[in-house]
Amino acid sequence: LTLKPTTHLKTTFTGFGGTEHPLTIRYYQVQMVLHLLLSPRFVVGDDTGLGKTLETIAALCYVWEKQPDCKAIILTTKSATPQWAKEFGKFTKGVRVVVCKGTRAQREAAHETWRRGSKPTVMVMGYRAAVNDIRKIQADEGYILICDEATAFKNPKTQVHQAIRHMSEMADRTWALTATLIKNHLMEGHGIYQVVVPGLFGTANNFMYYFCIVEMMQIGRGRKVPRVVGYYPEKVAEFRKHIEPYYYGRPKHEV
């Protein structure tokens, strides 16, 4: 598998100490880039340190080769927002990067700059900013949505999940990044895929009772609520089969 050169990726990058190094996409990263290009809805599950950011940026650059006016939104944690902007400056050329942060007026100005972009344009913003600005951006459509640290919306009951789910429905492509798709139980995977691939598993209740071992927990005044206490091994295999077309991840020791 090989990738042709793209005008939007630099051939070198500046490393620590200001020295120039060739920008080389490693073979396992080439595999992920091709998965993203072929899959409008996908979860990048590579282990921490394997270059999920570069894989995603490279895939964007290849999309821009054929769709130069296509815009992208990067959603991430507040602390990682400047890092994403820095990575675009480090690895790409001819790409406008808009950082959406600050006061409401500053964020609205960032949205307008992003909308008016006439060349490859990406807006980087935190999840909380997306929730706060959802009324301003809810009508935008046709962009590429990239969700870093996708466990941020694993709980369907949160405002973050509901806002990002709407944005995903409006996007042409949704790519999510996480090294820990499931940390505690399968319901987390369901929450993430409700955003990335809507309709893959159906409702949360149906998923919970089908895939998980559930017990009723007493919460007082005679009320009980369901609680996930385990899972059936055969159901885990079925879950994996469902997500296989929309997930690819490698641990460090494999690459």
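Quantities reported herein were computed from a predicted structural model and do not represent experimental measurements.

Caption draft 1: Structural detail: the sheet that holds strand β4 (residues 71-76). Spatially, β5-β6-β4-β7-β8-β3-β11 is the arrangement adopted by the seven strands of the open sheet, whose pairing is parallel. Lying at the two open borders of the sheet, with one neighbouring strand each, are β5 (96-100) and β11 (247-248). Helix-sheet contacts for helix α1 (residues 27-38) involve β3 (41-44), β8 (173-177) and β11, and the interaxial angle to β3 is about 155°. Packing against the sheet, helix α3 (residues 81-91) makes contact with β4, β5, β6 (121-126) and β8, and its axis sits at approximately 160° to β6.

Caption draft 2: Expanded view of the nonpolar core. Core analysis: the biggest nonpolar cluster contains 43 residues, and I73, L75, L145, F153, I164, M167 and Y193 have the highest contact counts within it. Those residues in contact with L75, other than ones at most four positions away along the chain, are M125, G126, Y127, A130, L145, I146, C147, D148, I164 and M167. Counting residues in hydrophobic clusters, the runner-up holds 31 residues, among them L23, F42, Y62 and A80.

Caption draft 3: Structural detail: the packing of α1 against helix α2 (residues 52-66). Orientation of α1 relative to α2, taken along the N-to-C sense of each, is 50°, at an axis distance of 9 Å. Looking at the two axes, α1 sits oblique to α2. Crossing geometry of α1 relative to α2 is assigned as right-handed. When α1 is examined against α2, the residues Y28, Q29, M32, V33, L36 and L37 are found in contact with a partner set consisting of L54, E55, T56, A58, A59, Y62 and V63. Taken together, the residues that form the contact of α1 with α2 break down as 10 nonpolar, two polar and one charged.

Caption draft 4: Layout of the pattern of salt bridges. Across all of its chains, the model carries nine salt bridges by this definition. Close ionic contact of E188 with K154 constitutes a salt bridge, the shortest N to O distance being 3.4 Å. Here the residue E188 occupies a position in helix α8 (residues 186-196), and K154 occupies one in the loop between β7 (144-147) and α7 (159-170), the gap between them amounting to 34 residues. When its relative accessible area of 7% is taken as the criterion, E188 is described as buried. Salt bridges linked by common partners bring D46, E55 and R250 together as one network.

Caption draft 5: Here's a closer look at unusual backbone geometry. One non-glycine residue, E149, adopts positive backbone phi at about 50°. Position of E149 relative to the elements: it lies in the loop between β7 and α7. Exposure remark for E149: the relative accessible area of 42% places this residue in the partly exposed category. Phi at R221 takes a positive value of approximately 55°, unusual for a residue other than glycine. On the secondary structure map, R221 appears in the loop between β9 (212-220) and β10 (223-231). Residue classification places R221 among the exposed residues on the basis of a relative accessible area of 89%.

Caption draft 6: Seen up close, the packing of α7 against α8. Two elements in contact, α7 and α8, have axes whose closest approach is 7 Å; the angle formed by their N-to-C orientations is 35°. Contacts between α7 and α8 pair H161, I164, R165 and S168 from the former with G191, Q194, V195 and V196 from the latter. Among the residues forming the contact of α7 with α8, the class breakdown is three nonpolar, four polar and one charged.

Caption draft 7: Quick peek at the packing of aromatic side chains. Applying the stated criterion across every chain yields a total of 11 aromatic pairs. Relative to Y143, the ring of W114 lies with its centre 5.9 Å away and its plane at 70°, an arrangement referred to as edge-to-face. Of the two residues, W114 is situated in helix α4 (residues 104-116) and Y143 in the loop between α6 (134-137) and β7; the sequence distance between them amounts to 29 residues. Look at W114 and you get buried, because its relative accessible area is 3%. When the ring of F201 is compared with that of F239, the centres are 5.2 Å apart and the planes differ by 5°; the resulting orientation is stacked. Of this pair, F201 sits in the loop between α8 and α9 (204-211) while F239 sits in helix α10 (residues 233-243), and the two are 38 residues apart along the sequence. Accessibility assignment for this pair places F201 and F239 in one class, buried. Members of the aromatic cluster, joined through ring pairs, are F201, F207, Y210, F211 and F239. The side chain of K235 reaches across the aromatic face of Y210, ending 3.5 Å from its centre.

Parameters at a glance
- Residues numbered from 1 in each chain as written.
- Predicted model: local features only at pLDDT ≥ 70, side-chain atom pairs only at ≥ 80, totals over all residues.
- Heavy atoms only, no water.
- Pairing = 2+ DSSP bridges.
- Helix = DSSP H or I, 4+ residues; strand = E, 2+ residues; numbered from the N terminus.
- Contact = heavy atoms within 4.5 Å.
- Axes fitted to C-alpha atoms, helices over the stretch in contact; angles between N-to-C directions.
- Core = buried A, V, L, I, M, F, W, Y, C linked by side-chain atoms within 4.5 Å.
- Buried < 20%, exposed > 50% of the residue type's maximum accessible area, 1.4 Å probe, protein only.
- Parallel < 35°, antiparallel > 145°, perpendicular 65-115°, else oblique.
- Left-handed = near helix turned anticlockwise from the far one by under 90°.
- Nonpolar A, V, L, I, M, F, W, Y, C, P; charged D, E, K, R; others polar.
- Salt bridge = Lys/Arg side-chain N within 4 Å of Asp/Glu carboxyl O.
- Phe/Tyr/Trp six-rings, centres within 6.5 Å; stacked < 30°, edge-to-face > 60°.
- Lys NZ or Arg CZ within 6 Å of the ring centre and 35° of its normal.

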